[in-house]
Amino acid sequence: MTSPPLTVDGFVSEFLLNLNFDGGVSLSESSTNDRYLALACTVRDYLMARWLEDLRKQKEDQAKGVCYLSAEYLLGRQLDNNLLATGLSEIAAEALESCGLSLDQLREHEIEPGLGNGGLGRLAACFIDSLATLGVPSIGYGIRYEYGIFRQTFEDGQQVEQPDAWLTLGSPWEFPHPERSQLVSFGGRTETYDDDGVTRSRWIPAWNVNAIPCNYMVPGFQNGRVNTLRLWRAKATDAFDLRIFNSGDYEEAVRAQTFAENISKVLYPEDSTPQGKELRLQQQYFFVAASIADFLENVLADGYDLTRLGDRVIFQLNDTHPVIAVPELMRVLVDDRGMEWDTAWEVTQQCFAYTCHTLLPEALEVWPVELLGRLLPRHLEIIYRINDEFLAAVRERFGDDELRIRNMSIIAEHPERSVRMAYLATVAGSKVNGVAELHSQLLRDKVLPDFDEFYPGKFTNVTNGVTPRRFLRLANPELSALITEAVGSGWESDLDRLRGLEEHVDDAGFRSAFAEVKAANKRRLNEVLRARDGFEVADGHLVDVMVKRLHEYKRQLLKVLHVVSSYEGVLSGRIAVEDLQPRTVLFGAKAAPGYAMAKRIIHLINAIGSTVNDDPRLQGRLKVLFPPNYNVTLAERVIPAADLSEQISLAGKEASGTGNMKFALNGALTIGTDDGANVEIRELVGDDNFFLFGMAEPEVEALSARGYRPSEFYQADEDLRRAIDLIASGAFSGGDRTVFEPVVSNLLYEDRFMVLADFASYMAAQERVDAAYADEDAWTRSAILNVARTGFFSSDRSITDYIDRIWHTPPTS
Ligand code: NTF
């Protein structure tokens, strides 16, 4: 098979073929959607030959590869990424122009696949991009949700969730293969039977569902490599009961079908909090069972010696969501393939590695034994046996230290008997990694210290990264051009070369070109904001951005208090309005639908925006913007326009952060705590180019041990008191004091994430920001150094670390 010719004419004829023969329309009669679909198919056609070749080679070479198991992939738009990967952007733009069409317009038509919640899902998307760019044999496995993360709108300032019907206009990037479906079973019971004098167990399931693979191309960056992302879609096994249908009971007839297909219907919109729901466990088992079966039957060579499976594959567990894969592989090896338990356990331990993405104890997933036993009875038996053998080994090593045994048991007894998925993953995994240096350290010292002692060498770190293709080259074309001019081409897949920018920092011409790029990016952002939201960032303003999921630990409320304090300062005359550094504070955040406090904080931010933005006393020097529905597409516009990046979580709570990296790479300066990857960013960019504030993790611990009383901070700090009192007074809720009372009393009497304790330090840091921004040229110098020194945060480096420390899977040609 050959690719269409890499010329404008070649592209045009391929495009028209797709439009006419696939879309069934003429150019003159075609809709924007027809044109978008035809364009997507054309780009696909250029990738097809390489994809098929790579799939064939993967089967032929049987080199060791990675199966990345992730319940989420927050992909973002595909068209532009795939145009860039193939190097077709210019040809496509010209070809379309010659047909009287605009590439920009068709680009805007794509609805992004939002199959993830936030950082964890976006990380998975960056990782498959890097795996392809580095030429590592790998498959991404996940779920093809029919509805991704909800679309957020605001009504009277409050979040309203709308379904994300991303598939309605067609899905040109996916290739479903119903003929390769896998049967996934659930429920029922287990039984023992005699197998030639050996007693064995087997599972007699009660119901099942088909898993249909939907394949997506994952092209490397201009290296001719195309890997695969395989997402599973649930389909009922029996078509609806025609007899019942004919008797008139339509609902009953389709009930079983609806039930089964619900499994891949919708993404759980929870972030950093597990959802202990039966359907969620069904989703998890559904996709890992299908993936393991697919790998063994379709990717592994026929007749492969399964005792050597560890030489051929590593299943990387993206958090605990896919951990049920551990007992599943055991079940397949022991029950289906007749392997001895001990051998199977050895193989299983070689085949898994586990990445933990959190420190919040409440975010560690546990499944009630009752539920797991009902849905997956055989898996529960297997987990019990793994646990018995593990605890026996612990006893052998540490003696009958019952407290330690209870603490390390995979089965928790309280508050209800349940399976600790993180422990299961730690026992089964060849390696366990955290996602930033500090996080990995705290994981060993605080969350799993007994395991670290029991398994020396098992714990390691891989600091997160982001793909420079999407988040620099595509999101920031002007900065990319400037970088290429300064350091030459090829930095997109060798990001350490950004270091070369340092030697230009003393060049006034370079600095002014850099500043001009930032200004242009603000204009580009404004085009989008004006069109989608009817507002924009004011001219000459410092663009201060906090975009991430709404979560108390991330402390959007600290940013709120800064805004309110500036506002109150002007109202009370404490601050002369002319002394206020003009700022636009831009928020973007979705709250989990069931997270009441997070939703109230969204309401508060919007209420403050409505009040502040219209108050003439501020003379337009302080604006609060909150565009709804923050997603990857909006991030690509917002991040390049930012001056200041807010990374202000309570130290010890944010595992890594990846937004922080994207901002630094795009020349925003960070105001941040010593938390997650902020620590590494600051070390690299230097203290002069980073606004550090707040308690460090040991201080947080110490304060907590002493007994934290937020009201003491309120009493002691007049500015803080005035800001909180202004919110409490109803100033942002038309005089109604009840609306935000829960926020205020939570801050005063609980404040789990110590917003008040860090307030004074944060305000002082913001004053340093204002002073620094006043010297535009010095600011630009710092911004350039941020870009030059953060090449480390390429996800290519993360993947290289995974290969060296965990996977040992060399690239293949
Ligand atoms: C998130 N974890 C962390 O909260 C972020 O700090 C981190 O950058 C990303 O993972 C990616 O590693 C989660 O979403 C979860 F679910 F694990 F809590």
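Residues numbered from 1 in each chain as written. Predicted model: local features only at pLDDT ≥ 70, side-chain atom pairs only at ≥ 80, totals over all residues.

For the protein, an unreviewed UniProt entry supplies the name Alpha-1,4 glucan phosphorylase and the organism Microbacterium capsulatum. In the Sequence similarities (unreviewed entry) part of its UniProt record, the protein is described as follows: "Belongs to the glycogen phosphorylase family." Its UniProt record gives the protein a comment under Cofactor (unreviewed entry), which states: "pyridoxal 5'-phosphate". (UniProt positions renumbered as here; feature names shortened; annotations may be inferred.)

Student: Report on the overall build of the protein, specifying residues and quantitative values.
Tutor: Along its length, the protein carries 32 helices and 25 strands. The C-alpha atoms of the protein give 27 Å as radius of gyration, which agrees with the globular expectation for 813 residues (28 Å, within 12%). Along the first, second and third principal axes, the C-alpha set of the protein runs to 90 × 75 × 65 Å. Going through the 813 residues of the protein one by one, you find that 50% of them count as buried. In the protein, of all internal contacts separated by at least 6 residues, the share reaching a separation of at least 24 is 76%. (Helix = DSSP H or I, 4+ residues; strand = E, 2+ residues; numbered from the N terminus. Rg over C-alpha atoms; globule rule 2.2 N^0.38 Å. Buried ≥ 20, exposed ≤ 12 C-beta atoms within 10 Å, placed from the backbone. Contact = placed C-beta atoms within 7 Å.)

Student: Got a sec to walk through the sheet that holds strand S23 (residues 644–647)? Specific residues and values, please.
Tutor: Two pairing modes exist for strands in a sheet, parallel and antiparallel, and in both the strands are linked by backbone hydrogen bonds. The strand order S22-S21-S20-S23-S24-S25 describes an open sheet built from six strands, whose pairing is parallel. At either margin of the open sheet sits one strand with a lone partner, and together these are strand S22 (622–625) and strand S25 (690–692). Averaged over all neighbouring strand pairs, the angle between strand axes comes to 20 degrees, with direction disregarded. Pairing analysis gives four bridges linking strand S21 (residues 583–588) to S22, with the strands arranged parallel. Bridging across to S22, Arg583 finds its partner in Leu622. (Pairing = 2+ DSSP bridges. Axes fitted to C-alpha atoms, helices over the stretch in contact; angles between N-to-C directions.)

Student: Can you lay out the packing of helix H1 (residues 8–22) against helix H2 (residues 32–61) for me, pointing to particular residues and giving the numbers?
Tutor: Helix-helix packing is characterised by the crossing angle of the two axes and by the distance between the axes. Axis separation between H1 and H2 bottoms out at 8 Å; the angle between their running directions is 125 degrees. With respect to their mutual orientation, H1 and H2 come out oblique. The crossing of H1 and H2 is right-handed. Mapping the contact onto sequence places Phe11, Glu14, Phe15, Asn18, Leu19 and Asp22 in H1 and Asp34, Arg35, Ala38, Leu39, Cys41, Thr42 and Asp45 in H2. (Parallel < 35°, antiparallel > 145°, perpendicular 65-115°, else oblique. Left-handed = near helix turned anticlockwise from the far one by under 90°.)

Student: Kindly report on the sheet that holds strand S16 (residues 411–412), identifying the contributing residues and their values.
Tutor: Pairing within the open sheet is antiparallel, and its three strands lie in the order S15-S17-S16. In this open sheet, the two edge strands, each paired with only one partner strand, are strand S15 (366–368) and S16. Pairing between S15 and strand S17 (residues 418–420): three bridges, direction antiparallel. From the neighbouring strand, Pro368 faces S17, where its bridge partner is Ser418. Against the sheet, helix H15 (residues 421–428) makes contact with S15 and S17, and its axis sits at roughly 50 degrees relative to S17, the strand it touches most.

Student: I'd like a rundown of unusual backbone geometry, residues and numbers included.
Tutor: The omega torsion across His414 and Pro415 is -5 degrees, close enough to zero to call that bond cis. Relative to the elements of secondary structure, Pro415 occurs in the loop between S16 and S17.

Student: Lay out the site of the ligand in plain terms, naming residues and giving numbers.
Tutor: In the vicinity of the ligand lie 18 residues, with Gly119, Ser272, His357, Thr358 and Ser656 positioned nearest. For the shell around the ligand, the class distribution of residues is five nonpolar, 10 polar and three charged. (Near = placed C-beta within 6 Å. Nonpolar A, V, L, I, M, F, W, Y, C, P; charged D, E, K, R; others polar.)

Student: Requested: an account of the nonpolar core, with residues and values cited.
Tutor: Phe286, Ala325, Leu424, Ile608 and Val638 are the most contacted members of the largest nonpolar core, which totals 235 residues. Setting aside anything within four residues of it in sequence, one finds Val638 in contact with Leu525, Val545, Val547, Leu586 and Gly588. (Core = buried A, V, L, I, M, F, W, Y, C linked by C-beta atoms within 7 Å.)

Student: Describe in detail the domain arrangement of the protein, supporting the description with residues and values.
Tutor: When the domains of the protein are assigned, the result is domain 1 (1–61 + 98–111), domain 2 (62–76 + 112–463 + 800–807) and domain 3 (539–775). Using only C-alpha atoms to locate each centre, domain 1 and domain 3 end up separated by 45 Å. (Domains from an automatic or database assignment.)

Student: Can you break down the pairing of S22 residue by residue, with the values?
Tutor: The alternating pattern of S22 places Leu622 and Val624 and Lys623 and Leu625 on opposite faces, both of which are buried. Handedness of the crossover joining S21 and S22 through helix H22 (residues 596–613): right-handed. (Right-handed = clockwise from strand over helix to strand, strands pointing away.)

Student: Break down the confidence of the model for the protein for me, citing the residues and quoting the values.
Tutor: Atom-level detail of predicted coordinates should not be read off regions where pLDDT is low. On average, the protein scores 96 in pLDDT, and the residues at 70 or more come to 98%. When mean pLDDT is compared element by element in the protein, S23 scores highest at 99, while helix H7 (residues 242–246) scores lowest at 58. Overall fold confidence (pTM) sits at 0.97, and the ipTM for the predicted complex is 0.98. (pLDDT = per-residue confidence, 0-100.)

Student: Describe the pairing of strand S24 (residues 669–672), and please don't skip the residues or the numbers.
Tutor: Alternating residues of S24 divide into Leu669 and Ile671 and Thr670 and Gly672, and every residue in both groups is buried. In this sheet, S24 lies alongside S23 in parallel orientation, the contact comprising four bridges. Paired with Glu646 across the bridge in S24 is Ile671. Taking the sense of rotation as the criterion, the β-α-β connection linking S23, helix H24 (residues 659–665) and S24 turns out right-handed. Relative to S25, S24 runs parallel, the two sharing three bridges. Note on S25: the bridge partner recorded for Ile671 is Phe691.

Student: An account of the environment of Val209 is needed here, citing residue identities and associated values.
Tutor: Within the secondary structure, Val209 sits in strand S11 (residues 207–219). C-alpha separation for the pair Val209 and Phe186, spaced 23 residues apart in sequence, amounts to 8.4 Å. Each residue touching Val209, except ones within four places of it in the same chain, is listed here: Val184, Ala234, Ala236, Thr237, Ala260, Ile263 and Phe286.

Student: Outline H1, supporting the account with residue identities and numerical values.
Tutor: Look at H1: 20 Å from first C-alpha to last across 15 residues, which is about the 21 Å you get at 1.5 Å a residue. Listed in full, the buried residues belonging to H1 are Phe11, Glu14, Phe15, Asn18 and Leu19. Down the axis, H1 shows its buried residues gathered within 130 degrees of arc, on one side only. Along H1, the residues that are exposed and aim more than 90 degrees away from the buried face are Asp9 and Phe21. Buried positions along H1 lie against H2 and helix H4 (89–98). Immediately beyond the C-terminal end of H1, within one or two residues, lies Gly24, with a positive phi of roughly 70 degrees. (Expected span 1.5 Å × (residues − 1). Arc of directions from axis to C-beta.)

Student: Lay out the environment of Ala731 in plain terms, naming residues and giving numbers.
Tutor: With respect to the helices, strands and loops of the structure, Ala731 is situated in the loop between helix H28 (718–728) and helix H29 (741–749). Taking the C-alpha atoms as reference points, Ala731 and Asp294, separated by 437 residues in sequence, lie 59 Å from one another. Non-local contacts of Ala731, meaning those with residues more than four positions away in its chain, are made with Thr611 and Leu726.

Student: Run through the environment of Ala764, naming residues and quoting values.
Tutor: Checked against the element boundaries, Ala764 lands in helix H30 (residues 755–774). Separated by 18 residues in sequence, Ala764 and Ser782 have C-alpha atoms that sit 19 Å apart.

Student: Can you explain the packing of helix H21 (residues 556–572) against H22? Please cite residues and give values.
Tutor: Relative orientation of the contacting elements H21 and H22 amounts to 20 degrees, with a least axis distance of 11 Å. Between H21 and H22, the interaxial angle falls into the category roughly parallel. By crossing handedness, the relation of H21 to H22 is classed as left-handed. Every residue of H22 that contacts H21 at Gln556, Leu557, Val560, Val563, Val564 and Tyr567 is listed here: Ile601, Leu604, Ile605, Ile608 and Val612. A per-class count over the contact of H21 with H22 returns 10 nonpolar, one polar and no charged.

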